[in-house]
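Descriptive structure summary
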Amino acid sequence: MVKICCIGAGYVGGPTMAVIAFKCPSIEVVVVDISVSRIAAWNSDQLPIFEPGLDDVVKQCRGNNLFFSTNIEQHVSEADIIFVSVNTPTKTRGLGAGKAADLTYWESAARMIADVSKSDKIVVEKSTVPVKTAEAIEKILTHNSRGVKYQILSNPEFLAEGTAIQDLFKPDRVLIGGRETPEGRRAVQALKDVYAHWVPEDRIITTNLWSAELSKLAANAFLAQRISSVNAISALCEATGANVSEVAYAVGKDSRVGPKFLNASVGFGGSCFQKDILNLVYICECNGLPEVADYWRQVIKINDYQKNRFVNRVVSSMFNTVSGKKIAVLGFAFKKDTGDTRETPAIDVCKGLLGDNAKISIYDPQVTEDQIRRDLAMNKFDWDHPVHLQPMSPTAVKQVSVTWEAYEATKGAHGVCILTEWDEFKELDYQRIYDNMQKPAFVFDGRNVVDPEELRAIGFIVYSIGKPLDSWLKDMPAPTLATNPSAACGEVLPSMSVASIRQPQWTSHRRLLEQKLVDLHRCSDRHHLRQIQAQILKADLHRDPFVAPKLISAYSLCRQILPAVAVFRQVPQPNAHLFNVLIRAFADNSQSSRAFTTFAQMQKCDAFPDRFTYSFLLRACSGPSAFARVQMIHSHVLKLGFLSDIFVPNALIDSYAKAGVAAIADARKIFDGMPRRDVVSWNSILAGLLRAGELKEARQLFDGMPERDIISWNTLLDGLAKAGEMDHVFDLFNRMPERNVVSWSTVVSGYCKAGDLDMARMLFDKMPVKNLVTWTIMISGYAEKGLSKEASVLIDHMEEARLEPDFAATVSILSACAESGLLGIGQRIHSYVKRSKLRFVTHVCNALIDMYSKCGCLDKAWSVFEGMVERDLVSWNSIIQGLAMHGHGERALALFVRMKREGIMPDGLTFIGVLCACTHMGLIEEARCHFYSMERDYGIVPEVEHYGCLIDILGRGGLLKEAFDLAKSMPLEPNAIIWGSLLGACRVHNNVDLAEEAVDKLTKLEISDAGNYAILSNIYAAARNWEGVAKARIQMKGTGQQKPAGSSWIELDDMVHEFTVGDRKHPKSTRIFEMLDKLSHHIKQVGYVPKVACFSLAYLPCECWLPWPHMWSISPFIVPLRVDRPRVISNNSTAIVTHRRQHF
């Protein structure tokens, strides 16, 4: 059993360890502290800390795998992982007083760990500490190690008082920093394994030590900066008559800013904000960055200014004195739902009022009287020291009384100051309070808790931070009081004036390079990367085992594999880590064969593979073709014993699940044989079962999961939606304990694919938060169904929300437009692409070519193709197929020759376009030549589509016997499209015998399709075989089905109109048929006679044939017909009728 010991049973150590014990029953957790009273409280029913939910967690685990003890040395000695969560107060004397962190308690803890440890330890910084603290602690431990090895990790807490348990259960992120050495990485993984019991892997961030240490300081500084920013604006709002709540709401609606931490208040508090910013200021000053230090110092100054301004407003409003007056203070904690008073603004406000000899009556539902008096008696920063070291000054708090009821506190008061946003303060009977107060009665709302207009109606004079001032207050403006800048910045000692002294500045190029190397592996700018590499070569660091892997990772991120390989080859003796990084680079860039070649080279170089090696190799295995490789890796893992590491079997399960239906049994076998499973294991096998279509088994597995996270729910939701089981999807969605944007998007997407756009839109409108993916799903859903108006309106709304389509969104919408032939929306997206950097993205240009081709706009498709900066194989395939399907066979074949000349190797899709071009031109010999060259010259095995194209052209050319022989001898089973093509050829050439054979084959594939017998009936009729006609008609009726009526879609002014044979539901159907009759009559007058013999009435009913001169053909492609305006898409259940010309 893994043993964890936490030194420090405070606000961080206690709740954090309680949650770890709760989520990890297999881990023993002991919290130790030198304070006997605090440990006794943790072991009692009255915990020393108030946090919603903490009591239940502690009671469930205490005595099982969670213990609280004062026997520090014993538990530290026995522990595998030691969390250090001791105080790091701000120094009150000496160098850095008022800003620097005092690491006295940390150093004592480190020396104690070194004294009692007898086995290797992982020591985790849990307290907020300055950057490079780990380095100092490491030196203490190393020099006192006596053979024991230590790994130092930084795991800063990001808890918010009042929501600490919720934050621990569902953290935004868990940050773990460690040394970038093999030992350091193993230590990081060990701590990561603990959190992985309940935290999704994508929320566990690993960094180097220094980044982790600085991240906590930076995060608190950023949050405090936002509070000071809105507080600064609140002063301006009062001066101008603006309302800070309205301003904050408007600013918060900007997606770049967001709504959080924009509530104006009397000031921020808490244990970390001010302390961490002052620490950050000191670090900046020590590193020769005075301008940066001044910037962050200003955040503290604004916070102190806000508190001073509030006190000044209270004093000036009450006739410039509060001497002898009773002021009721409602709320003393720094925020609601906590009893934490550290750095609460209430302390400074109360001290300011006491300074003017006020009498203060305080009420807070969670803060004890002892704590309040202690806080008001202490000097600045004394609160962060142990209780026995905190000085007391009883004489300083004689004018303060503490009550346990709000009405008692306000009785007889001249004014009320609301300093904490407790919910109960919103529900107080303010009429009762007003009746029992001195008049005039004042309310100073430092948290904007109450409605000022309601209180003014009662009779109060109300001041709310940042709100328009009461007329009384306008006549009595708050004076501007001088403040001590040093005090505002937390400086305790008198400081010397340094206005005329400029701190020396220096630049170390080596140090700058080291700073760049820290995050080198995250660099995605190839130009910047080359500049850094030049500096690395100049410094002769290119062979450094720390630098080379990062350089390879960066080039991989930039999709630059050749430079990455060059970096690898410059290292004379690459280790396993370097091989792993290169393998991962190949895997991430879809070069799986080179990943396995590197693995073979790794074995030849005697670099032993580790669990990371096989995890990265598995990333290179995707699809059914990788099944054998996954089995090979599995055998290696078994041989080397890596299955005991839970991450390796998890990766194997995922890879097997992605290797096709046949491999799911292997995935299940691994899963069933795992001695320990985490939620990732369950999610991986669940996804595999759903991918294999095993919906029933997947649901049973889901119901039996011991623990589910949001990924579990979303995985099942997605699998059911893709299977079209929307009733089950909706039921599951309603059962979800929590939903995120992925959950909502999955359900919306499912309803869009099912064609229920009304339900999809209803859910879309109800979404609490929408992202770009959700907007794209809904717009694409409308576009795919030809609902141009709805799609266009939604695009307008998306732009109003300041969301711009990215690469994925653009491609998705264009694909939907291509499917439905919705040219207007496609052109609108194209106009956006022209104005953005997306015009240089190859995938976007490919989608534009495809959309314009399928919408019949070949000139525009060709223009996009010719204007592309970089073309890939898809670009060539798209334009070749576009030209081919519209009858421009010569241009398509010429482009195919040009493509090969430019060194682009064709694939199977290329040859579909080439064969289609030959079909439209009647080039039988050329089609044969291209078909047989596929496997001979390019190693491409023909698929059923290729056979279908060749059979189609043979049938058109009258070579029916050869076409039928090819269909019977092809290695693949002919589908209904192929036999339908042959049946159509038999109709053209009136071959009754072969037609009967084709219908017999089609009947086995499409039992209920009446259209097949209708064609056969027409063939019999053409041969004057009336007995056969009667027989075919009887068989057609025997199917119990009617041939679906032909239909057409016409897009006119961004509106799609559908017309079905014999359907007169269109409001203008009378005029439409009148116009068709006139056109038909006019064309017949000029001598046109339609060649209906080329068609079966089953393919195109006589009521809807187009009365224009043209030649029709049967094709496996769905193609919109474009005639400038209108544009017609002819779709039929049996075959798709396409036009051979772009314009007619």
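The structure displayed is predicted, hence computed values, not measured ones.

This part takes up the packing of aromatic side chains. Using the criterion set out here, one finds 25 aromatic pairs in the structure. Plain terms: the ring middles of Phe 865 and Trp 876 are 5.1 Å apart, the flat faces sit at 80° to each other, and that makes the pair edge-to-face. In this pair, Phe 865 is assigned in helix H41 (residues 858-866) and Trp 876 in helix H42 (residues 873-885), connecting sequence segments 11 residues apart. Exposure remark for Trp 876: the relative accessible area of 1% places this residue in the buried category. An angle of 70° between the planes, with centres 5.0 Å apart, marks the rings of Phe 931 and Tyr 947 as edge-to-face. Of the two residues, Phe 931 sits in helix H45 (residues 924-938) while Tyr 947 sits in helix H46 (residues 944-956), which places them 16 residues apart along the sequence. Taken together, the ring pairs in this structure connect Phe 310, Phe 442, Phe 444 and Tyr 463 into an aromatic cluster. Here the basic side chain of Arg 871 rests over the ring of Phe 865, its NZ or CZ set 4.5 Å away from the ring centre.

So, on to the pattern of salt bridges. With the rule as written, the count across this model stands at 38 salt bridges. For Asp 294, the salt bridge is made with Arg 297, and the minimal N-O distance between the two is 2.5 Å. Here Arg 297 and Asp 294 lie together in helix H12 (residues 290-317), a separation of three residues that amounts to about one turn. Looking at Asp 294, the relative accessible area reads 44%, which means it is partly exposed. Since its relative accessible area comes to 11%, Arg 297 is described here as buried.

Here helix H5 (residues 104-116) spans 19 Å end to end across 13 residues, near enough to the 18 Å set by a 1.5 Å rise per residue. Burial in H5 covers these residues: Tyr 105, Trp 106, Ala 109, Ala 110, Met 112, Ile 113, Ala 114 and Val 116.

Here Lys 126 lies in the loop between strand S5 (121-125) and helix H6 (133-143). For the buried residue Lys 126, which engages in no salt bridge, the nearest side chain bearing the opposite charge is Glu 157, 7.1 Å off. Reaching out from Lys 126, the side chain makes a polar contact with the side chain of Asn 155 at a distance of 2.9 Å. A polar contact is formed between the side chain of Lys 126 and the side chain of Tyr 195, at a distance of 3.2 Å.

Moving on to the packing of helix H44 (residues 908-921) against H45. Axis separation between H44 and H45 bottoms out at 9 Å; the angle between their running directions is 165°. Classed by the angle they form, the pair H44 and H45 counts as roughly antiparallel. Crossing of H44 against H45: the hand is right-handed. Residues Phe 911, Val 914, Leu 915 and Cys 918 of H44 touch H45, and the partners they reach there are Glu 926, Ala 927, His 930, Phe 931, Ser 933, Met 934 and Tyr 938. Here the residues of the contact of H44 with H45 sort into eight nonpolar, two polar and one charged.

What follows is about the confidence of the model for the protein. When pLDDT is averaged across the protein, the result is 80; 83% of the residues are at 70 or more. Across the protein, element-level confidence peaks in strand S12 (residues 415-418) with a mean pLDDT of 96 and bottoms out in strand S17 (residues 1112-1115) with 31. A low-confidence stretch, residues 383-396 (pLDDT under 50), is modelled with 28 contacts involving residues beyond four sequence positions or located in other chains. Note that pLDDT drops below 50 for residues 477-507; the model gives that stretch 39 contacts with residues more than four away or on any other chain.

Definitions and limits used
Residues numbered from 1 in each chain as written. Predicted model: local features only at pLDDT ≥ 70, side-chain atom pairs only at ≥ 80, totals over all residues. Heavy atoms only, no water. Phe/Tyr/Trp six-rings, centres within 6.5 Å; stacked < 30°, edge-to-face > 60°. Helix = DSSP H or I, 4+ residues; strand = E, 2+ residues; numbered from the N terminus. Buried < 20%, exposed > 50% of the residue type's maximum accessible area, 1.4 Å probe, protein only. Lys NZ or Arg CZ within 6 Å of the ring centre and 35° of its normal. Salt bridge = Lys/Arg side-chain N within 4 Å of Asp/Glu carboxyl O. Expected span 1.5 Å × (residues − 1). Lys, Arg positive; Asp, Glu negative; His and termini not counted. Polar contact = N/O pair within 3.5 Å; in protein donor to acceptor, adjacent residues only side chain to side chain. Axes fitted to C-alpha atoms, helices over the stretch in contact; angles between N-to-C directions. Parallel < 35°, antiparallel > 145°, perpendicular 65-115°, else oblique. Left-handed = near helix turned anticlockwise from the far one by under 90°. Contact = heavy atoms within 4.5 Å. Nonpolar A, V, L, I, M, F, W, Y, C, P; charged D, E, K, R; others polar. pLDDT = per-residue confidence, 0-100.

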